[in-house]
Amino acid sequence: MSDAIQAIANAKIGFIGAGNMAASILGGLIQSGLPAKQIYVSNPSQGKLDALLERYPDLNTSNDNGYVAEHADYLLLSVKPQKMALACKPLQELDLNCCVISVAAGVGCQTIEDLLGKGLPVIRSMPNTPSLVGAGATGLFANQHTSEQQKKAATAIFDAVGLSVWVDDESQMDLVTAVSGSGPAHYFLYMESVVVAAMKQGLPETTARQLAAQTALGAARMVQDNPNLEISQLRRNVTSPGGTTAAALDVLNDGKLPELVAKAVNASVVRGKELAEIASKPDHD
Ligand SMILES: NC(=O)c1ccc[n+]([C@@H]2O[C@H](COP(=O)([O-])OP(=O)(O)OC[C@H]3O[C@@H](n4cnc5c(N)ncnc54)[C@H](OP(=O)(O)O)[C@@H]3O)[C@@H](O)[C@H]2O)c1
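Keep in mind that this is a model prediction, so the values were computed, not measured. (Residues numbered from 1 in each chain as written. Predicted model: local features only at pLDDT ≥ 70, side-chain atom pairs only at ≥ 80, totals over all residues. Heavy atoms only, no water.)

Some thoughts on helix 6 (residues 148-159)
Consideration 1: With twelve residues, helix 6 should cover 16 Å at 1.5 Å per step; its first-to-last C-alpha distance of 16 Å lies within 8% of that length.
Consideration 2: Within helix 6 the residues assigned to the buried category are Gln150, Ala153, Ala154, Ala156, Ile157 and Phe158. (Helix = DSSP H or I, 4+ residues; strand = E, 2+ residues; numbered from the N terminus. Expected span 1.5 Å × (residues − 1). Buried < 20%, exposed > 50% of the residue type's maximum accessible area, 1.4 Å probe, protein only.)

Brief notes about the site of the ligand
Consideration 1: Taken together, 24 residues lie around the ligand, and Asn43, Ser45, Lys48, Val79 and Pro127 are the ones closest in.
Consideration 2: Interatomic distance of 2.8 Å between a backbone N/O atom of Met21 and an oxygen atom of the ligand.
Consideration 3: Residue Ala105 places a main-chain N or O atom 3.0 Å away from an oxygen atom belonging to the ligand.
Consideration 4: A breakdown of the residues in the shell around the ligand according to their chemical character gives twelve nonpolar, nine polar and three charged. (Near = heavy atom within 4 Å. Polar contact = N/O pair within 3.5 Å; in protein donor to acceptor, adjacent residues only side chain to side chain. Nonpolar A, V, L, I, M, F, W, Y, C, P; charged D, E, K, R; others polar.)

Topic: the pairing of strand 4 (residues 74-77)
Consideration 1: Of the two faces of strand 4, both are covered, the one formed by Tyr74 and Leu76 as well as the one formed by Leu75 and Leu77.
Consideration 2: For strand 1 (residues 13-16) and strand 4, the ladder comprises four bridges, and the chain directions are parallel. The partner of Ile16 across the bridge, within strand 4, is Leu77.
Consideration 3: Relative to strand 5 (residues 99-102), strand 4 runs parallel, the two sharing four bridges. Within strand 5, the position partnered with Leu75 by the bridge is Val100. (Pairing = 2+ DSSP bridges.)

Here's the deal with the side chain of Ser78
Consideration 1: With respect to the helices and strands, the residue Ser78 is situated in the loop between strand 4 and helix 4 (84-88).
Consideration 2: For Ser78, a relative accessible area of 11% puts it in the buried group.
Consideration 3: Setting aside its immediate chain neighbours within four residues, Ser78 contacts Phe15, Ile16, Gly17, Ala22 and Val103. (Contact = heavy atoms within 4.5 Å.)

Focus on a nonpolar patch on the surface
Consideration 1: Taken together, the side chains of Tyr190, Val194, Leu257, Leu260 and Val261 define a hydrophobic patch exposed on the protein surface, amounting to about 400 Å² of accessible area.
Consideration 2: With respect to the helices and strands, the residue Tyr190 is situated in helix 8 (residues 183-200). (Patch = residues over 30% accessible without salt bridge, like charges linked within 9 Å, V, L, I, M, F, W, Y side chains within 5 Å. Areas by Shrake-Rupley, 256 points an atom, 1.4 Å probe, with all protein chains shown as cover. Salt bridge = Lys/Arg side-chain N within 4 Å of Asp/Glu carboxyl O.)

Focus: the packing of helix 8 against helix 9 (residues 205-225)
Consideration 1: The interhelical angle for the contact between helix 8 and helix 9, taken along N-to-C directions, is 145 degrees, at an axis separation of 9 Å. Helix-helix and strand crossings are classified by hand; for helix 8 and helix 9 the assignment is right-handed. Contacts from Met191, Val194, Val195, Ala198 and Met199 in helix 8 reach Glu205, Ala208, Arg209, Ala212, Ala213 and Ala216 in helix 9.
Consideration 2: Partitioning the contact of helix 8 with helix 9 into residue classes produces nine nonpolar, no polar and two charged. (Axes fitted to C-alpha atoms, helices over the stretch in contact; angles between N-to-C directions. Left-handed = near helix turned anticlockwise from the far one by under 90°.)

A look at the UniProt feature "domain: Pyrroline-5-carboxylate reductase catalytic N-terminal" (unreviewed entry) in the protein chain
Consideration 1: The feature "domain: Pyrroline-5-carboxylate reductase catalytic N-terminal" (unreviewed entry), as given by UniProt, occupies residues 12-106 in the numbering adopted here.
Consideration 2: In this annotation, residues 12-106 is assigned 36% helix and 20% strand; the end-to-end C-alpha distance for the span is 26 Å. (UniProt positions renumbered as here; feature names shortened; annotations may be inferred.)

This is the structure we're talking about:
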């Protein structure tokens, strides 16, 4: 068992919803050494549960969200925001004795407390898709009922699929969503555009794709490995005056890339608030 997972070594982890995010987190936990028999998962349709059971036969699965909630020390609500109210309905009659962790975009701690009971420890998380390959970035916020031990456990859960950071103010979670939750798609679009442009000029697609991906990875590594250097300094370090990089950056700046990115981040924040509104209302389908 990895050191990171020690904080939940004896805990039972429950997942309401067995979709992509649940599958990647529970897969990361098992890979880090948490026994599958300590994990409980519920989902309305059986197919996703069967697929998980095939991979991890010791998992505890059910179509009943209440069964999972009753067993869990940490209960991850891993359904779409618009399904949250419906998924929580079977839990409302239970005397919950767990820390609830929501992974749903835009769903606030207060909404979860309103759905499941006042005074409940609630952690709001915002993981991202690279969690599927163990390179996720997760933002975390805890309400005032959450203990330090529960926060350590949440850190362990999300560190099993990448890196996690805590924010002190829940309003910053909309920004976490904009930066890391939606962020992978920003970088995909950029790489996609570079590959298409290089192909148009004659580079084979496979070569362009390999170079674009490795370059993105390398640039990210340089940012992570030099925490005391401004990113703008790293950029300046690789930009010789009058060189090829400077020529490209002039075009990006003339096209107002920084302003465009600021608008994109703002659009994510606005949409996150709209989704929070939707999530606080019941879904009857
Ligand atoms: N994927 C990402 O990159 C990402 C990143 C950050 C946050 N998130 C958040 O993670 C949450 C889950 O996303 P996802 O991508 O994993 O979605 P997903 O693959 O669609 O999984 C959602 C699961 O919830 C199940 N479900 C629906 N209604 C339910 C109910 N009443 N009770 C229990 N389970 C129910 C669905 O089952 P059926 O398919 O059988 O209907 C499905 O398996 C979302 O809130 C999303 O905002 C996702």
